[in-house]
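# Breakdown of the fold
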Amino acid sequence: MPFSEHFDSLPLESLVRRSNQSTSHAVQESLSRSRVTLEDFATLISPAAAASLETLSRLSQRMTQQRFGKVIRLFAPLYLSNECINNCQYCGFSRDNAILRVTLTLDDVRREAEALLGQGFRNILLVSGEHPKFVSDDYLRSCVSLLHQTVPGVSLEIGPMETTGYRPLVQAGAEGLVVYQETYDPRIYGEMHTAGPKRNFAWRMDTAERAYAAGFRRLGIGALYGLGDWRLEAISVAAHVQHLLRHCWKAQITISMPRLRPCAGEFEPLTHMTDREMVQAICAFRIMFPDVGLVLSTREPARLRDGLIPLGITLMSAGSHTEPGGYTGAGRDKLHLTEHGRIVAAPSGSAGDPQAKAAEQFNIADSRSPDEVALAIRRLGYDPVWKDWDSALVE
Ligand code: SF4
């Protein structure tokens, strides 16, 4: 049974109620269990458990060090295209936003990858909006093949596909697939996604399983915090991870916890997750899933990122740009607007302007260079690892 069907039978409302009504006694009971259930997870992210955050943090830290050592794996996103046929209210790339767009050529992609390799990265996440006209399956396969020649770890964050569409990407060398449900609240999902194939809630939800069937062995999921109630989102993610661990057991699962950042379109978050609540959720995920990777992006500011390193995080991006060509300026000669799938000239002033660049997906909050992030990791007594996690363990 795919997760979307299992999801329909989850008692989400009662789990959220349980979380909101938990007592400190229930928190202690959940902490004492050797096997943490979804009900325990709801308790660990409760307002009552916030008073035990120090205990949660210590446990999460100890479990992370036992399973992963004092190591933070680094990766960088490489944006291929900011073309998109979807309208997602919270995203700068939404099709109705009149932004400067571009799809990198293979030469551009090579330049960007070489820049990242030069900075030390050996894990690259190829990111793209969803637009079959500009970002075709063949184009994506060519990009993966190209990177696979020099980059040991290539993962993808692209529009969802059928299993048959994913297979050539795995054969070309992609090993990881990242797909966020954004919000697990179907009502809010419907309101946020007003046009395009992304409107299909269940289709998106089952993407990780289709990717696994195609051979991907790293699967990343998560919610975008700032849309629905954060406790409902975190409980849903935990249920999703449980399902993937059962049904995609050969894959390494990672959880990301992106919080909304400013972007074109100026969407205002609907809900707020505080820093303390984020820490609590990270600890609860670690306590429930000792072996799952926890990912932290440059959406969060440097000080908070550094503070989260010892608490359970295992993967971090660094020095990120969220626009195509962000590392080298590649593609700036091809900037344009896109209207109804047709390229139209960029506004006068941007054509030929050496400062003009493609629109970014969102503003980043940690603008430190990769070297500065690596130094901060070392100062905390951890090792930054640039290369592939598995090969790092066996070498
Ligand atoms: S979130 Fe993804 S699908 Fe939605 S507009 Fe942005 S790039 Fe497109």
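Residues numbered from 1 in each chain as written. Predicted model: local features only at pLDDT ≥ 70, side-chain atom pairs only at ≥ 80, totals over all residues. Heavy atoms only, no water.

## Quick notes on the overall build of the chain
Across its full length, the chain carries 17 helices and 13 strands. Its C-alpha radius of gyration of 20 Å places the chain within 12% of the 21 Å reference for a compact globule of 395 residues. For the chain, the spread of C-alpha atoms along the three principal axes comes to 65 × 45 × 40 Å. Per-residue burial over the chain gives 61% buried out of 395 residues. Within the chain, contacts between residues separated by at least 24 positions form 76% of all contacts whose residues are at least 6 apart in sequence. With 42 positive and 45 negative side-chain charges, the chain shows a separation of 4 Å between the mean positions of the two kinds. (Helix = DSSP H or I, 4+ residues; strand = E, 2+ residues; numbered from the N terminus. Rg over C-alpha atoms; globule rule 2.2 N^0.38 Å. Buried < 20%, exposed > 50% of the residue type's maximum accessible area, 1.4 Å probe, protein only. Contact = heavy atoms within 4.5 Å. Lys, Arg positive; Asp, Glu negative; His and termini not counted. Charge placed at Lys NZ, Arg CZ, Asp CG, Glu CD.)

## Comments concerning the nonpolar core
Counting 113 residues, the largest nonpolar core has Leu 126 and Phe 285 as the members making the most contacts within it. In this structure Leu 126 touches Leu 78, Leu 80, Cys 143, Val 144, Leu 147, Val 154, Ser 155, Leu 156, Glu 157 and Ile 158, once residues within four positions along its chain are discounted. Phe 75, Leu 125, Leu 227 and Leu 260 belong to the second-largest nonpolar core, a separate cluster that totals 23 residues. (Core = buried A, V, L, I, M, F, W, Y, C linked by side-chain atoms within 4.5 Å.)

## Focus: the pairing of strand 1 (residues 71–81)
Within strand 1, 11 of the 11 residues are buried, which leaves the element mostly enclosed by the surrounding structure. Inspection of the sheet shows strand 1 paired to strand 13 (residues 383–385) by 3 bridges, in the parallel sense. Of the residues in strand 13, the one forming a bridge with Ile 72 is Pro 384. Pairing geometry for strand 1 and strand 10 (residues 315–317), over 3 bridges, is parallel. Pairing of Arg 73 across the sheet is with Leu 315, part of strand 10. As paired strands, strand 1 and strand 3 (residues 123–128) are joined by 5 bridges and run parallel to one another. Bridge pairing in strand 3 places Ala 76 opposite Ile 124. (Pairing = 2+ DSSP bridges.)

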